[in-house]
Amino acid sequence: MQMHMKPLWKPQKNNSKYNIKKNIVGKEVFQMGSYVPNTDRERMEMLKEAGFESFEELFSDLPQEMVVSGGLDIPEGMSELEVIRKMKDMAGKNKKYKSCFRGAGAYNHYIPSIVKSVVNKEVFVTAYTPYQAELSQGILQSIFEYQTMICELTGMDVSNASVYDGAVAAAEAVMMCRDRRHETVFVSEAVHPNVKKVIMTYCNAADVKVVTVPETADHRTDIEALGKLMGEDPKPACFYMQQPNYYGIIEAPEEMAEIVHNAKAKFIMGCDPISLGMLKTPGEYGADIAVGEGQSLGMPLSFGGPYLGFMAVKEDMMRKIPGRIVGETTDDEGNRAFVLTLQAREQHIRREKASSNICSNQALCALTASVYMAAMGPEGMAEAAKQSAAKAHYLASGLKSAGLEMDNDNVFFNEFVTAIPEGTQASSEDILKALDNNDILGGLQLDDEHILWCATEVNTKAEIDEAVQIVNAVLRGEEE
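In this convention, every chain numbers its residues from 1, walking through the sequence in written order. Residues qualify for local features only when their pLDDT is at least 70, as the model is predicted, and side-chain atom pairs are given and counted only at 80 or more; totals for whole chains, interfaces and linings, by contrast, use all residues. Excluded from the side-chain calculation are hydrogens and water; included are all heavy atoms of the structure.

Caption draft 1: Molecular detail of the overall build of the chain. A helix here means a DSSP run of H or I that spans at least four residues, while a strand means a run of E at least two residues long, and both kinds are numbered starting from the N terminus. A count of helical and extended segments in the chain gives 13 helices and 17 strands. A simple rule labels every residue: compare its accessible area, found with a 1.4 Å probe on the protein chains alone, to the largest value its type can have, and call it buried under 20%, exposed over 50%, or partly exposed in between. By the burial criterion, 46% of the 480 residues in the chain qualify as buried. For this analysis, residues touch if any pair of their heavy atoms sits within 4.5 Å. In the chain, of all internal contacts separated by at least 6 residues, the share reaching a separation of at least 24 is 67%. As displayed, the chain has an accessible area near 26,800 Å², and 52% of this comes from carbon and sulfur atoms. For every accessible area listed, the method is Shrake-Rupley and the probe measures 1.4 Å; residues are considered covered only by the protein chains on display.

Caption draft 2: The arrangement of the pattern of salt bridges in detail. We count a salt bridge whenever a side-chain nitrogen from Lys or Arg sits within 4 Å of a carboxyl oxygen from Asp or Glu. Counting across every chain of the model gives 12 salt bridges. Close ionic contact of R336 with E145 constitutes a salt bridge, the shortest N to O distance being 4.0 Å. Within this pair, whereas R336 is found in strand β12 (residues 336-341), its partner E145 is found in helix α5 (residues 137-154), the two being separated by 191 residues in sequence. Look at E145 and you get partly exposed, because its relative accessible area is 28%.

Caption draft 3: The arrangement of a negative patch on the surface in detail. For patches, a residue must show more than 30% relative accessible area and have no salt bridge; joins then use 9 Å for like charges and 5 Å for nonpolar side chains, namely Val, Leu, Ile, Met, Phe, Trp and Tyr. Charge counting treats Lys and Arg as positive and Asp and Glu as negative, with His and both chain ends excluded. Taken as the charge centre is NZ of Lys, CZ of Arg, CG of Asp or CD of Glu, depending on the residue. Residues E429, D430, D447, D448 and E449 make up a contiguous surface patch of negative charge. The residue E449 is located in the loop between β16 (444-445) and β17 (450-454) in this model.

Caption draft 4: Structural view of the sheet that holds β17. The strand order across the open sheet formed by 4 strands is β13-β14-β17-β16, and the pairing between neighbours is antiparallel. With one partner strand each, in any of the chains shown, β13 (405-406) and β16 form the two edges of the open sheet. Bridge analysis of β13 against strand β14 (residues 415-419) gives 2 bridges, and the strand direction is antiparallel. Residue pairing in the sheet places M406 in a bridge with T418 of β14. Along the sheet, helix α11 (residues 363-402) contacts β13, β14 and β17; its crossing angle with β14, the most-contacted strand, is approximately 5°. Each axis is a line fitted through C-alpha atoms, taken for helices only over the stretch in contact, and angles between the N-to-C directions span 0 to 180 degrees. Against the sheet, helix α12 (residues 428-437) touches β16 and β17, its axis set at about 40° to β17. Strands were regarded as paired on the criterion that DSSP finds at least two bridges between them.

Caption draft 5: Layout of empty space enclosed by the protein. Think of a 1 Å grid over just the protein atoms. A cavity is a set of points where a 1.4 Å probe fits yet cannot get out, a pocket is an open set with protein on both sides within 12 Å along at least five of seven lines, and lining residues have an atom within 4 Å of a point. Grid points are joined across faces, edges and corners, and a volume is the space filled by probe spheres set on the points. Under the criterion given, the structure shown has 2 cavities of 30 Å³ or more. The computed volume of the second largest cavity comes to approximately 30 Å³. Looking at the second largest cavity, the residues that line it are C100, F101, R102, Y107, N108, C454, T456 and N459.

Caption draft 6: Spotlight on helix α8 (residues 223-232). Listed as buried for α8 are A225, L226 and M230. Around the axis of α8, the buried residues are gathered within 120° of arc, so they sit on the same side. Of the exposed residues in α8, those oriented more than 90 degrees away from the buried face are E224, K228, G231 and E232. Along its buried surface, α8 packs onto β5 (184-188), β6 (210-213), β7 (236-243) and α9 (253-262). Of all possible arcs, the one meant is that of the directions from the helix axis to the C-beta atoms.

Caption draft 7: Region of interest: the environment of S370. With respect to the element layout, S370 can be found in helix α11. The class of S370 is buried, set by a relative accessible area of 6%. Residues S370 and M149, 221 residues apart in the sequence, show an inter-C-alpha distance of 7.2 Å. Sequence-distant contacts of S370, defined by excluding residues within four places in its chain, comprise S142, E145, Y146 and M149.

Caption draft 8: Looking closely at the nonpolar core. If you look at the biggest cluster of nonpolar residues, it comprises 38 residues, and the most contacted ones within it are I274, L297, Y372, M373 and M381. Elements that contribute at least two residues to this core include exactly α4 (113-119), α5, β10 (309-313), β12 and α11. Counting residues per element, this core draws most heavily on α11, which supplies 12 residues. When residues no more than four places from it in sequence are discounted, the contact partners of M373 are M149, I150, L153, L297 and M381. Residues enter a nonpolar core if they are buried and are Ala, Val, Leu, Ile, Met, Phe, Trp, Tyr or Cys, with the set joined through side-chain atoms within 4.5 Å. A173, V187, V191 and V195 belong to the second-largest nonpolar core, a separate cluster that totals 31 residues.

Caption draft 9: Here's a closer look at the pairing of strand β11 (residues 325-330). Pairing geometry for β11 and β12, over 6 bridges, is antiparallel. Bridging from a neighbouring strand, T330 pairs with R336 of β12. Joining the antiparallel neighbours β11 and β12 is a turn of 5 residues, in which G334 adopts a positive phi near 85°.

Caption draft 10: Representation of the layout of surface pockets in the model. By volume, the second largest pocket amounts to about 400 Å³. Lining the second largest pocket are 20 residues, with M299, P306, L364, C365 and T368 sitting closest to its centre. Here the lining of the second largest pocket gets 4 residues from one element, more than from any other, and that element is α11. As a working rule, the residues Ala, Val, Leu, Ile, Met, Phe, Trp, Tyr, Cys and Pro are called nonpolar, Asp, Glu, Lys and Arg charged, and the rest polar, with Gly in that last group. Of the residues that constitute the lining of the second largest pocket, the class distribution is 11 nonpolar, 8 polar and 1 charged.

Caption draft 11: Here's a closer look at the packing of α8 against α9. In the contact formed by α8 and α9, the axes pass within 10 Å of each other and the chain directions differ by 5°. As far as their axial angle goes, α9 and α8 are roughly parallel. Listed contacts from α9 to I223, L226, G227 and M230 of α8 are E255, M256, I259 and V260. Considered class by class, the residues forming the contact of α8 with α9 number 6 nonpolar, 1 polar and 1 charged. Any angle between 65 and 115 degrees counts as roughly perpendicular, while under 35 counts as roughly parallel, over 145 as roughly antiparallel, and the rest as oblique.

Caption draft 12: The sheet that holds β5, seen in detail. Overall, mixed pairing links the 7 strands, which are arranged β4-β10-β9-β8-β7-β5-β6 in an open sheet. For this open sheet the edge positions go to β4 (158-159) and β6, each flanked by a neighbour on one side alone. Note that β5 and β7 share 4 bridges and pair parallel. Bridge pairing in β7 places V187 opposite Y240. Each of β4, β9 (289-293) and β10 is contacted by α5, which is oriented at about 70° to β10, the strand it contacts most.

By themselves, these figures tell us nothing about what the structure is for.
Structure follows, in structure tokens:
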């Protein structure tokens with residue numbers, strides 16, 4: 001039996017590569033299947049409207065090394081079998097470490113097997129938030145549960161449905177505090193440098209003044225300088241700090257919150273969600289906004305993403321929070337139902353007055369965090385936090401006995417900085433290289449003398465003892 005199928009699209013006979021037709025308003029369009037690009041004339045019209053004479057001028061701000069000229073050097077296509085072999089060959093070049101002592105914003109925590117089992121179900125695997133809310137009750141409920149857990153974790157009143165990552169959450173938080181009477185953003189120097197860069201990028205584009213509050217010699221936020229700087233500025237908007245800070249130190253947020261609120265500004269606190277299993281919540285510290293990176297909540301390191309930015313605020317900031325909020329209501333039959341609500345800041349709702357271009361969320365990552373928190377429960381979260389802190393302090397004690405100096409005291413959660421003693425021939429690079437040679441990922445090198453270390457609940461005593469032994473050998477000059 002022969003079967004004949006009508007092609008979905010049949011090329012039109014035309015001298016041009018594309019079939020050019022006239023639409024109902026008389027403008028020319030290219031038509032190739034369902035893909036309809038703009039004509040050269042229309043592109044030039046848009047360029048001139050934007051104030052440019054050419055595409056070269058449009059992209060003139062880009063570094064020249066990023067500009068592709070002369071076409072892309074793309075190899076010929078391969079079969080599926082060839083691609084699989086190629087990918088396996090590339091994957092074989094990856095270095096697989098047997099233990100990890102590095103954090104600095106991305107952390108290696110244990111993920112219960114149920115997390116992957118649930119989030120990999122077909123009904124959940126989606127990268128986007130539904131727009132037809134009434135048709136997506138299951139997804140909306142999962143987001144609602146996520147928001148509830150984030151509020152419980154942070155001690156705040158309202159959470160959005162997440163943003164892209166922790167750095168974006170921090171930048172969005174400072175932007176939501178601005179108005180005509182509050183214009184200056186204050187940022188602690190002791191926060192993660194990448195987060196600070198994102199905040200600076202947002203503020204630079206919006207012509208917002210940013211003041212950096214210096215850190216003390218022991219890497220804490222200078223509270224005295226904070227009070228002086230905020231007192232001198234006529235329009236303070238907010239202050240952003242991290243707890244624990246970039247160097248792992250537990251700060252004193254209560255004092256900072258008092259200074260900030262006395263200046264009629266908002267207090268924004270970035271936090272590690274696992275640390276909230278044993279430390280005070282941002283709500284207890286007096287924060288107006290709590291933000292952070294949610295990768296620790298069930299997401300693997302994955303070469304840096306995708307991750308999850310969480311945001312939660314006090315009730316008086318509810319109408320300024322960016323992104324989506326799912327609310328609970330009842331339908332016309334009195335049944336429990338969920339809806340997208342409070343989207344006043346989103347550009348697709350009030351484009352001309354929008355203060356944020358966030359109109360989606362990390363739906364699958366938010367679901368992952370929800371499943372993780374539900375599986376762990378309050379007791380499990382607290383246990384993960386306590387074990388992380390205990391093992392970090394055991395690591396710090398071992399490294400100190402091996403010959404390294406502590407760059408700060410013992411007031412830290414699961415990260416800390418060590419310094420190489422003066423007169424020692426070895427450098428931080430030597431230590432990390434020796435660990436790498438033994439398939440151990442050491443801490444983050446800050447400079448030639450300083451390393452930022454991290455330990456979590458997954459690190460064993462044997463792993464820590466081995467790392468300490470190697471560091472001791474390097475400092476004694478016994479290992480290359």
